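Residue-level structure breakdown
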Amino acid sequence: MCPRTGALHWTRVFLYAILVRALLLVLSDAAASSLTQSQAQSWVLAPDSVALMERRFSFALDFCVNSEINMYSVKVIKQDSGEMHFRNYSKCSGKIDHDPSCSGFRMLDADFFSDAKMLEIQKGAEELNIPIIRSNRKLVASVNGGLENPSSLVFRSAWNHDHAQDAPKRFDYPSLSGVERPESDEDIAFMSILELGQLIKSKQITSELVRIFLNRLKRYGPVLESVITITEELAYEQAKRADELLAQGLYLGPLHGIPYGLKDIIAVPHYKTTWVLNLLKNQVLDIEAWVYKRLKSAGAVLLAKLVTGSLAYDDIWFGGRTRNPWNIEEYSTGSSAGPAASTSAGLVPFAIGSETAGSITYPAARCGVTALRPTFGTVGRTGVLSLSESLDKLGPFSRDAAGCAVVLDVIRGKDPDDLSSRDIPFSDPFAVDITKLNVGYLEDAEMDVVEKLRSKGVNMIPFKLNYSVDSAQGILNFTMDVDMLAHFDEWQRSGKDDDYEAQDQWPLELHRARVVPAVDYVQAQRARGKLIRQVRDNFKVHAFVGNATDWELVCVGNLVGMPVIVIPTGFKQISDAPTDNTRRRTTITTGIYAPPDHDHIALALAMAYQSVTDHHKQHPPIDDLGPEDSIPNPPTRTIPPRQLRGL
C-alpha cells in the first residue's frame, strides 16, 4: 500500500509505478476467475470502454500519490532536487477521506464534477439508472454463461468490408403527364418532386427554380428560425451545371435540378457545419458527406444548411428555437427541426434530416409533413455528426411519400466508410400490389387511414406489438447517452458543457451516463437483442399503422431499426384559439411501420393513402393567420415539460 507520511521521493514513485503496472498487467491478462478481478472489472465505465480510453496505469499511480498527500488529486508540474511537486486540480480535493460519494467519483476518474453536479448525478442515478440496470439484469442476466440473449452489438473482424455486391436495382418512377407550370411562385414552391422534375425535364422551368426557393428561404427562414446558412453561390453553380447537362441531352433523373436543404450536422466543404453549437458556430469541415455526394451526383441543388437542435437535441439552438409553420406560436420539436419546418413551409421541396430517437418522426408530425425514417443502415453516414453508431439514421422530408421514395432511391446504398451501411435489396415501392398485403393497426391508429387503405383493397386487421422488455426507453437511453458521451468526453471533462444552450438536455443526460458501468451497458445491449428478436417473432403482418409519436414505439422502432413513414392525415382547431376564424391548425398524423428492409411496403401504403387524400397538399398559414389573429411577441404559449428524448 502507499505510505501516508514522509517525503514523496521520485524513486519511490518510480518503484510504485513499476509495481502497479506489473499488477495491472497480471489483472488484465489473468483468467476471469478471481473475485478480486471481477470486482476490479466492475469499476470499468461504459463511456470509457466504448471510447477505448485506457487509464488503468495512470489511475493506479494517482491513487498512490493521493494517499501520500491525504488523498488529494494531484498533477505533476515539475521535478526539482529529486522530489516531485504537485498542484491541486480536483473539485474533490480534501474530501475523499470524508465524502464517500467523492471517493466513488474518484474511483471512476470522474472527480472533475462540482459538488452540485455530483448530487445531481447521484439523484439521477437513483431515479433512472438503477431501475434500468435492475430491469435489464432481471431480463437477460439471471442465468450465467452467456448462452442466451447475445448483445446486439456485433464485431466484424474482416479488414476489407468492400465485398463485391450487385448494385441495388433502382425504382421505376411513374411518368407524369400534363404537368404545367403554375402562375404563382407559391404554387410552384408546393409542387411535389415528381411534378417539379417534369417541369425541368420539359424545360418549362430552369435554374430560376433556385431563385424562387432562395427568396422563400430569405423571407420565411428568419420567421421560422429554421435556417443556419444559405448556400446561394453553390446553389446557382449547381443549378447552372444542371441546365448545361440538360441542354446537352443528359438528364440525371427526377432530382435533376431540384433544390433541397441539409440538416446542419451534415458536412459540405467550404460551408459552415456548426452542429448548431454556439462554441462551433464558425466551424468549417473539409469533408464531403456521403449523402451530399449522392445527391450532387443525381443533379440535386443544395440551397441551405438547416437548423438542428444544438448537438442534435430538440429544437433549441444558438439562434433561437424553430417554429411550427402550421402554428408559429408552437415549436417544431425534435432536432430535425429545420428540415421539417422548411419543407412544410415550402422553403425547399425536400430536405435530409436524421434520427437517433425521434428527430424525424416528432418534427414531421408537429409540422404536418411527410417524412421517412428508413431502415437502419440504409443511408451512409460518413461526414455526419455521430451520436450513436447503432442508432443514427438519415432520412428525407418531402411533400409526399412518392418524393420520399425518389430521394431514398438516390441516397441509399453501401457507404465504404460506414461499416453499418448496406446495399439493401428493396423492392420497387411503385410496383407493390397492396391488395396482397395484410396490414395491422394498433389501438391508437388513425381510423381514417385504416378505412382508406381498406377501401383500396388492403386487408386491415387489429394488431398488437408484444414484447417483454419493461422499458424500451431505458435501453435506448443507456445506448444513446453512453455512445454520445464517448464522442464528447473531452467536452464534458473540460466543462464546456456548462455553456450549452439548454442545460436540461445533453448536459443532464450525459452527467448520468458518466456513471453507467460497462457491464450494465452490455446488459442493455443484450436486452436490446432480446427486444429485437421478440419484435421480429411477433411481426406477423406486412406492416402496421400506429401513432407516429408514441414515445415507447419511437424507442422500440429505433432500437429494432425498423422503418416508419409519417404522413399528415388531417387538421384540427388549435387549443385556446384567439378567434374561431384563425387559420392556424394542429396537424394530425400517423405512422406506417414495416419490418427492417421493407421500407418499400410502408412507402407503397403511404402513397396509396395520399392518392385519395389531399392533406399533404395544404399550405400552412405563414402570411395569413386569419382575421382577428396575431402572434404576441414573445409568444405566450406555455412550453410543455420535456421528456427524456430528443435525438
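Scroll up for the structure.
Bear in mind the structure is a predicted one, so any value in this text is a computation, not a measurement.

Secondary structure assignment for the protein chain yields 21 helices and 17 strands. Per-residue burial for the protein chain yields a buried fraction of 55% across its 647 residues. Taking all contacts inside the protein chain whose residues are at least 6 apart in sequence as the whole, residues at least 24 apart take part in 76%.

This structure, assessed with the given rule, holds four cavities of 30 Å³ or more. By volume, the largest cavity is sized at about 100 Å³. Taken together, 12 residues form the lining of the largest cavity, with Asn 129, Asn 477, Phe 478, Asp 481 and Arg 512 sitting closest to its centre. Among the secondary structure elements, those contributing two or more residues to the lining of the largest cavity are α6 (115-140), α16 (472-487) and α18 (506-513). For the lining of the largest cavity, the element with the most residues is α16, which contributes four residues.

With their axes 11 Å apart at the nearest point, helix α9 (residues 208-224) and helix α10 (residues 232-247) run at an angle of 165 degrees to one another. As summarised for this structure, α9 and α10 are arranged roughly antiparallel, according to the angle between their axes. Crossing of α9 against α10: the hand is right-handed. Listed contacts from α10 to Val 210, Arg 211, Leu 214 and Lys 218 of α9 are Glu 232, Ala 235, Tyr 236 and Ala 239. Class assignment for the residues of the contact of α9 with α10 results in five nonpolar, no polar and three charged.

Here we take up the packing of α16 against helix α20 (residues 551-560). It is the contact of α16 with α20, at a shortest axis distance of 8 Å, that shows an interaxial angle of 55 degrees. Comparing their axes, α20 and α16 come out oblique. For α16 against α20, the interelement crossing comes out left-handed. Between α16 and α20, the residues in contact are Ala 472, Gln 473, Ile 475 and Leu 476 and Trp 551, Glu 552, Cys 555, Val 556, Asn 558 and Leu 559, respectively. Residues of the contact of α16 with α20, tallied by class, amount to seven nonpolar, two polar and one charged.

Here we come to unusual backbone geometry. The residue Trp 275 is not glycine, and still its phi comes out positive at about 55 degrees. Within the fold, Trp 275 resides in the loop between β4 (259-263) and α11 (290-297). Its identity as a non-glycine residue notwithstanding, Val 276 has a phi of 50 degrees, on the positive side. Mapping Val 276 onto the fold places it in the loop between β4 and α11.

Where burial is concerned, most of strand β9 (residues 327-331) is hidden: five out of the five residues are buried. Note that strand β8 (residues 323-324) and β9 share two bridges and pair antiparallel. Of the residues in β9, the one forming a bridge with Arg 323 is Tyr 331.

Using the criterion set out here, one finds 20 salt bridges in the structure. With its nearest N and O atoms 3.8 Å apart, the salt bridge here joins Arg 211 to Asp 185. Taken as a pair, Arg 211 in helix α9 and Asp 185 in helix α7 (residues 185-189) lie far apart in primary sequence, 26 residues in all. Using a relative accessible area of 33% as the deciding quantity, one classes Arg 211 as partly exposed. Owing to a relative accessible area of 33%, Asp 185 belongs among the partly exposed residues under this scheme. For Glu 451, the salt bridge identified is with Arg 454, shortest N-O distance 2.9 Å. Residue Glu 451 and its partner Arg 454 are both found in helix α15 (residues 447-455); the two are separated by three residues, about one turn of the helix. Taking the relative accessible area as the measure of exposure, Glu 451 reaches 40% and is therefore partly exposed. The partly exposed category is assigned to Arg 454, whose relative accessible area is 33%. Connected through salt bridges with shared partners, the residues Lys 117, Asp 497 and Asp 498 form a single ionic network.

Looking now at the sheet that holds strand β5 (residues 301-306). The sheet built from 11 strands is open, its strands ordered β3-β5-β4-β10-β12-β11-β16-β17-β15-β13-β14 with mixed pairing. In this open sheet, the two edge strands, each paired with only one partner strand, are β3 (227-230) and β14 (459-462). For this sheet the average axis-to-axis angle between neighbouring strands, irrespective of direction, equals 30 degrees. Alignment of strand β15 (residues 543-546) against strand β17 (residues 585-593), held across three bridges, turns out to be antiparallel.

Turning our attention to the nonpolar core. Counting 147 residues, the largest nonpolar core has Leu 255 and Leu 295 as its most contacted members. Residues in contact with Leu 295, not counting those within four places in the same chain, are Leu 255, Tyr 260, Leu 262, Ala 300, Phe 350, Ile 352, Val 410 and Ile 411. Membership of the second largest hydrophobic core comes to 11 residues, among which are Ile 360, Ala 371, Phe 397 and Val 566.

Once that is clear, we can look at the environment of Thr 231. By the element assignment, Thr 231 lies in the loop between β3 and α10. Along the chain, Thr 231 and Lys 272 lie 41 residues apart, while their C-alpha atoms are 9.7 Å from each other. With sequence-adjacent residues up to four places away left out, Thr 231 is seen in contact with Tyr 271, Leu 302, Leu 303, Ala 304 and Lys 305. A polar contact of 2.9 Å, which involves the side chain of Thr 231, links it to the backbone oxygen of Leu 302.

On to α6. Given a rise of 1.5 Å per residue, 26 residues ought to cover 38 Å, and the 35 Å separating the end C-alpha atoms of α6 matches this to within 8%. Considering bend angle alone, the principal kink of α6 is centred on Ala 125 and spans about 45 degrees. Within the sequence span of α6, burial applies to Lys 117, Met 118, Ile 121, Gly 124, Ala 125, Asn 129, Ile 132, Ile 133, Ser 135, Asn 136, Leu 139 and Val 140.

Turning our attention to the packing of aromatic side chains. Two descriptors summarise a pair of aromatic rings, namely the distance from one centre to the other and the angle between the planes of the rings. Evaluation of the coordinates by the stated rule reveals 11 aromatic pairs. Ring centres of Phe 544 and Tyr 593 lie 4.8 Å apart, and the angle between their planes is 10 degrees; on these two criteria the pair is classed as stacked. A residue pair is termed long-range when its members are at least 10 positions apart, and Phe 544 in strand β15 and Tyr 593 in strand β17 qualify at 49 residues. In this structure, Phe 544 and Tyr 593 share a single accessibility class: buried. Ring pairing ties together the aromatic residues Phe 463, Phe 539, Phe 544 and Tyr 593, which thus form one cluster.

The rules behind each value
Residues numbered from 1 in each chain as written. Predicted model: local features only at pLDDT ≥ 70, side-chain atom pairs only at ≥ 80, totals over all residues. Heavy atoms only, no water. Helix = DSSP H or I, 4+ residues; strand = E, 2+ residues; numbered from the N terminus. Buried < 20%, exposed > 50% of the residue type's maximum accessible area, 1.4 Å probe, protein only. Contact = heavy atoms within 4.5 Å. 1 Å grid on protein atoms, 1.4 Å probe; cavity = no way out; pocket = protein on both sides within 12 Å on 5 of 7 lines; lining within 4 Å. Points joined across faces, edges and corners; volume = space filled by probe spheres on them. Axes fitted to C-alpha atoms, helices over the stretch in contact; angles between N-to-C directions. Parallel < 35°, antiparallel > 145°, perpendicular 65-115°, else oblique. Left-handed = near helix turned anticlockwise from the far one by under 90°. Nonpolar A, V, L, I, M, F, W, Y, C, P; charged D, E, K, R; others polar. Pairing = 2+ DSSP bridges. Salt bridge = Lys/Arg side-chain N within 4 Å of Asp/Glu carboxyl O. Core = buried A, V, L, I, M, F, W, Y, C linked by side-chain atoms within 4.5 Å. Polar contact = N/O pair within 3.5 Å; in protein donor to acceptor, adjacent residues only side chain to side chain. Expected span 1.5 Å × (residues − 1). Bend = angle between axes of the 7 residues up to and from the residue. Phe/Tyr/Trp six-rings, centres within 6.5 Å; stacked < 30°, edge-to-face > 60°.

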